[in-house]
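Analysis of the macromolecular model
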Amino acid sequence: MGYEYKVVQVREGLIGGKMSAGKLESTLNEWASKGWQCKAITAVEVKGRIGPGGTEGVLVTFERALG
């Protein structure tokens, strides 16, 4: 049996400080309801398009069995 993967980027602006747990939880529950299981969460900093400011975020990797 094979697996498929999906990587979802969850971002928050730095204005409010740390990423809200609620937004991450909402993303996890949304994909879990579609049969995806969280395999990894990786913290990233995404540079903004305008100016030197960055955006704090995470990449969430989901896995589910094919078929």
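**Brief notes about the environment of Val7**
In this structure, Val7 sits in strand E1 (residues 3-13). Discounting chain neighbours no more than four positions away, the residues touching Val7 are Leu59, Val60 and Thr61.

**Here's the deal with the pattern of salt bridges**
Applying the stated criterion across every chain, the model contains three salt bridges. A salt bridge links Glu30 to Lys34; the nearest nitrogen and oxygen atoms lie 3.5 Å apart. Glu30 gets classed as partly exposed once you look at its relative accessible area, which sits at 38%. For Lys34, a relative accessible area of 42% gives the class partly exposed. Lys39 is paired through a salt bridge with Glu63; the nearest N and O atoms lie 3.7 Å apart. Of the two residues, Lys39 is situated in strand E2 (residues 37-47) and Glu63 in strand E3 (residues 54-65); the sequence distance between them amounts to 24 residues.

**Looking at the packing of aromatic side chains**
Considering all chains together, one arrives at two aromatic pairs under this definition. Ring centres 6.2 Å apart and planes at 40° place the aromatic pair Trp31 and Phe62 in the tilted group. Of this pair, Trp31 sits in helix H1 (residues 21-32) while Phe62 is found in strand E3, placing the two residues 31 residues apart along the sequence. Accessibility expressed as a relative area gives 16% for Trp31, which makes it buried. Relative accessible area serves as the criterion here: at 1%, Phe62 is assigned to the buried category. By the ring-pair criterion, three or more aromatic residues cluster together here, those being Trp31, Trp36 and Phe62. In this structure, Lys34 packs its charged tip against the face of Trp31, placed 4.3 Å from the ring centre.

The rules behind each value
- Residues numbered from 1 in each chain as written.
- Predicted model: local features only at pLDDT ≥ 70, side-chain atom pairs only at ≥ 80, totals over all residues.
- Heavy atoms only, no water.
- Helix = DSSP H or I, 4+ residues; strand = E, 2+ residues; numbered from the N terminus.
- Contact = heavy atoms within 4.5 Å.
- Salt bridge = Lys/Arg side-chain N within 4 Å of Asp/Glu carboxyl O.
- Buried < 20%, exposed > 50% of the residue type's maximum accessible area, 1.4 Å probe, protein only.
- Phe/Tyr/Trp six-rings, centres within 6.5 Å; stacked < 30°, edge-to-face > 60°.
- Lys NZ or Arg CZ within 6 Å of the ring centre and 35° of its normal.

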